[in-house]
Amino acid sequence: SELIRGFLLSGMPCPISCPPGLLALMAPGLALMATFSLPSQAGDRRALPVEKTPGVKGRTLILLDVNTKSPVRIISENFLSLQLDPSIIHDGWLDFLSSRRLVTLARGLAPAFLRFAGKRTDFLQFHNVKNPAKSRGGPGPDYYLKNYEDDIVRSDIALDKQKGCKIAQHPDIMLELQREKAAQMHLVLLKEQFSNTYSNLTLTARSLDKLYNFADCSGFHLIFALNALRRNPNNSWNSSNALSLLKYSASKKYNISWELGNEPNNYRTLIGRSVNGSQLGKDYIQLRSLLQLIRTYSRANLYGPNIGRPRKNVIALLEGFMKVAGSTVDAVTWQHYYIDGRVAKVTDFLKTRLLDTLSDQIRKIQKVVNTYTPGKKIWLEGVGATSAGGMNNLSDSYAAGFLWLNTLGLLASQGIDVVVRHSFLDHGHNHLVDQNFNPLPDYWLSLLYKRLIGPKVLAIHVAGLQRKPRPGRVIRDKLRIYAHCTSYHNHNYVRGSITLYIINLHRSRKKIKLAGTLRDKIVHQYLLQPYGKDGLHSKSVQLNGQPLAMVDDGTLPELKPRPLRAGRTLVIPPLTMSFYVVKNVNALACRYR
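Residues numbered from 1 in each chain as written. Predicted model: local features only at pLDDT ≥ 70, side-chain atom pairs only at ≥ 80, totals over all residues. Heavy atoms only, no water.

A.B. asks: For this particular structure, what's the right way to read the overall build of the chain?
C.D. replies: Along its length, the chain carries 15 helices and 25 strands. Of the contacts made within the chain by residues no fewer than 6 positions apart, 83% connect residues no fewer than 24 positions apart. (Helix = DSSP H or I, 4+ residues; strand = E, 2+ residues; numbered from the N terminus. Contact = heavy atoms within 4.5 Å.)

Rendered as structure tokens:
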């Protein structure tokens, strides 16, 4: 087998009598994801004891090869996508989406979908006016607030005069007043969230223009979720307000895909009455008919039903929906949050049990979808480390990246077509960019992923070697390895190159020897570590020892790799995330798009 060849090429002897666990790896055992716990687990997964070899005395060495002949999965070019919550209307940040700095950050993550949805989706009403009378209430003296709002109107007028992409340089005083306003609104939004009672939101035509301008300038395709809780007396969907929004968008020739509602399994707690799967399916068919009446959207994509965690009652809702409208949607969607943000601790982000909770959900969703519409694409829409808005210095820290990168690797390996991260910019702490428009650790992780990872997922062959395995000690998998073809959009690497990305949750470094087709190739290392004294709590990161920061409002930094000599063993530091581009592999699976 290729793995045996890897042993020979790497100089590691394999005894004639190998344990059955290793033989299982050598034969058909292609892993989409390699996970290890060293010391090894008991039973037939015991690692292979080998003779004392110079350079690996008393340490663990992992042999790694990749199947380069054909991909095991092909995901969307927009696999890593983003979400904006309607709360940005409430707290005022929607008025600043035209910021040059924000657009620069967003462009770094293109191409992607931009989903405009969240808890307040089903309290959103469209009002076809440009500049309604603004309330003079809010933070700060009325005089300053009045001037601030007038400045926004003047800024809007100036943007209207620009042709094409509309980008603004907002004065510092406006941004400072906005942060003050947002800080006060944050308390209001949190109160709504914890009480599960939400006030109505109005989206004006002007606001929709700003939202679409941001998506268009950034290279994103906008997905807009319509309010599903406008109901008729017979509990069917009232589409009158949605029709007004659709007609306005069509008049502007906005290229938008659509959804209906957000987490329909929670409607009983929101409004006191539920909408079952069958009725929701009928509502989606009604929306599809509506889209077909409008020439601009007659072929628009429609996604849903965006259910929550697939517990028993939620699965029943999904089954009812799929029976009625499975063929109506272009992809089936659900969402997932790992931890209750109100009780999270930094050690939670290091628990492999938590990382693995997503696998069971994927199986449940796939089972239902494949029962009714085999082959239908599945998206994870609205994923974050924590619920309830997240926690400061946790869900916006380096530690949260372990969950995020593992989510990306796991979903791609299981064939989930798109994952939508909540959120790009938000009032809580699950976002990629903070309210000073500074990128947080998960932003840099996402940027590296976009630059280096292509849509073709590759299978990997792995084996762990150590001198003295200790049977009977079960430790969950703390070293996770994924492989893809390198992104075709990255012109620093020729087609046929391969990118590995690795999560090391161990508190010790681990060594990986590239074998087989990867042996003796030049490797470029992108090692992402926390920067500063805060460690895992840090909101800053370094790449190969150099801190990452924007050059200026219009320029992202160069992501410089560290070249490793051909044949060098990869040394993975403890509690880190890293990417390794194996150059010039000439992988057959990666030569063509």
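A.B. asks: Is there a simple way to think about unusual backbone geometry in this case?
C.D. replies: A negative phi holds for most residues other than glycine; trans holds for most peptide bonds. Look at the link from Ala110 to Pro111: it is a cis peptide, with omega at 0 degrees. Here Pro111 shows up in the loop between helix H4 (100-107) and strand E6 (112-116). Of note in the backbone geometry, Asn544 takes a positive phi value of approximately 50 degrees without being a glycine. With respect to the secondary-structure elements, Asn544 resides in the loop between strand E21 (541-543) and strand E22 (546-547). Overall, Asn544 belongs to the partly exposed group, its relative accessible area being 22%. (Buried < 20%, exposed > 50% of the residue type's maximum accessible area, 1.4 Å probe, protein only.)

A.B. asks: What is the right way to look at the pairing of strand E12 (residues 331-339) in this model?
C.D. replies: Every other side chain in a regular strand lies on the same face of the sheet, so the side chains alternate between the two faces. By the criterion of burial, E12 is predominantly enclosed, with 9 of the 9 residues buried. Looking at chain direction, strand E11 (residues 302-307) and E12 are connected through 4 bridges and run parallel. Residue pairing in the sheet places Ile307 in a bridge with Trp334 of E12. Tracing the backbone out of E11, into helix H11 (residues 312-325) and back to the parallel element E12 gives a crossover that is right-handed. (Pairing = 2+ DSSP bridges. Right-handed = clockwise from strand over helix to strand, strands pointing away.)

A.B. asks: Can you walk me through the confidence of the model for the chain in this structure?
C.D. replies: Low-confidence regions, as indicated by low pLDDT, have predicted coordinates that should not be scrutinised in detail. Counting all residues, the mean pLDDT for the chain is 85, and 83% of those residues have values of 70 or more. Note on residues 1-58: pLDDT is under 50 here. Beyond four places in sequence and across chains, it has 133 contacts. Predicted confidence is poor over residues 466-475, with pLDDT under 50, and the contacts of this stretch with residues over four places away or in other chains come to 31 contacts. (pLDDT = per-residue confidence, 0-100.)

A.B. asks: What should I look at first to understand the pattern of salt bridges in this one?
C.D. replies: If the charged atoms of two oppositely charged side chains come close together, the side chains can form a pair. By the definition in use, this model includes 19 salt bridges. In this structure, the salt-bridge partner of Glu77 is Arg593, at a minimum N-O distance of 3.3 Å. Taken together, the positions of Glu77 in the loop between strand E4 (73-74) and strand E5 (80-84) and Arg593 in the segment after strand E25 (576-582) put the pair 516 residues apart, joining distant regions of the chain. According to the relative accessible area criterion, Glu77 is partly exposed, its value standing at 36%. The salt bridge partner of Arg421 is Asp442, with a shortest N-O separation of 2.9 Å. Of the two residues, Arg421 is situated in strand E14 (residues 418-422) and Asp442 in helix H15 (residues 441-452); the sequence distance between them amounts to 21 residues. (Salt bridge = Lys/Arg side-chain N within 4 Å of Asp/Glu carboxyl O.)

A.B. asks: What am I meant to see in helix H7 (residues 205-218) here?
C.D. replies: Helical periodicity: at 3.6 residues per turn, an α-helix aligns residues three or four positions apart in one direction. With 14 residues, H7 extends 20 Å between its outermost C-alpha atoms, agreeing within 8% with the 20 Å of an ideal straight helix rising 1.5 Å per residue. Burial within H7 is extensive, with 13 of its 14 residues counted as buried. Among the residues trailing H7, Gly219 stands out with phi positive, at a value near 85 degrees. (Expected span 1.5 Å × (residues − 1).)

A.B. asks: It is not clear to me how empty space enclosed by the protein should be interpreted in this structure. Could you clarify?
C.D. replies: Picture a little ball the size of a water molecule; that probe, rolled over the atoms, points out where space is still empty. By the definition in use, this model includes 4 cavities of 30 Å³ or more. As for the largest cavity, its lining consists of Leu124, Gln125, Phe126, Phe224, Ala225, Leu226, Asn227, Arg230, Asn241, Ala242 and Leu245. At the level of secondary structure, the elements contributing two or more residues to the lining of the largest cavity comprise strand E7 (124-127), strand E9 (220-226) and helix H8 (240-251). Per-class residue counts for the lining of the largest cavity are 7 nonpolar, 3 polar and 1 charged. (1 Å grid on protein atoms, 1.4 Å probe; cavity = no way out; pocket = protein on both sides within 12 Å on 5 of 7 lines; lining within 4 Å. Points joined across faces, edges and corners; volume = space filled by probe spheres on them. Nonpolar A, V, L, I, M, F, W, Y, C, P; charged D, E, K, R; others polar.)

A.B. asks: Looking at this structure, I do not really get the packing of aromatic side chains. What am I missing?
C.D. replies: For any pair of aromatic rings, the description consists of the separation of the ring centres together with the inter-plane angle of the planes. One pass over the full model with this rule turns up 20 aromatic pairs. With centroids separated by 5.3 Å and ring planes inclined at 85 degrees, the aromatic side chains of Trp258 and Tyr297 adopt a geometry described as edge-to-face. Residue Trp258 is found in strand E10 (residues 256-260), and its partner Tyr297 is found in the loop between helix H10 (277-293) and E11; the two are separated by 39 residues along the sequence. Accessibility assignment for this pair places Trp258 and Tyr297 in one class, buried. (Phe/Tyr/Trp six-rings, centres within 6.5 Å; stacked < 30°, edge-to-face > 60°.)

A.B. asks: Looking at this structure, how should I read the environment of Asp95?
C.D. replies: Structurally, the position occupied by Asp95 is in the loop between helix H3 (87-91) and H4. Taking the relative accessible area as the measure of exposure, Asp95 reaches 17% and is therefore buried. Linking Asp95 and Val153, residues 58 residues apart in sequence, is a C-alpha distance of 9.6 Å.

A.B. asks: I'm lost on H4 in this one. Help?
C.D. replies: Counting buried positions along H4 yields 6 of 8 residues, so the element is predominantly enclosed. Residues of H4 that are buried in the fold lie against H7, E9 and H15.

A.B. asks: What am I meant to see in the pairing of strand E18 (residues 498-504) here?
C.D. replies: When you tally the buried positions in E18, you get 7 out of 7 residues, the bulk of the element. Residues of E18 alternate between two faces, with Ile498, Leu500, Ile502 and Asn504 on one and Thr499, Tyr501 and Ile503 on the opposite face, all of them buried. Examined bridge by bridge, strand E17 (residues 479-486) and E18 share 7 bridges and lie antiparallel to one another. Residue pairing across strands places His484 opposite Thr499, the latter belonging to E18.

A.B. asks: Help me out: how do you make sense of the environment of Gly382 in this one?
C.D. replies: With respect to the helices and strands, the residue Gly382 is situated in strand E13 (residues 378-386). Gly382 sits in the buried class, given a relative accessible area of 1%. On a C-alpha basis, the gap between Gly382 and Ser423 in space is 7.9 Å, while along the polypeptide they are 41 residues apart. Setting aside its immediate chain neighbours within four residues, Gly382 contacts Gln83, Gln335, His336, Tyr337, Val420 and His422.

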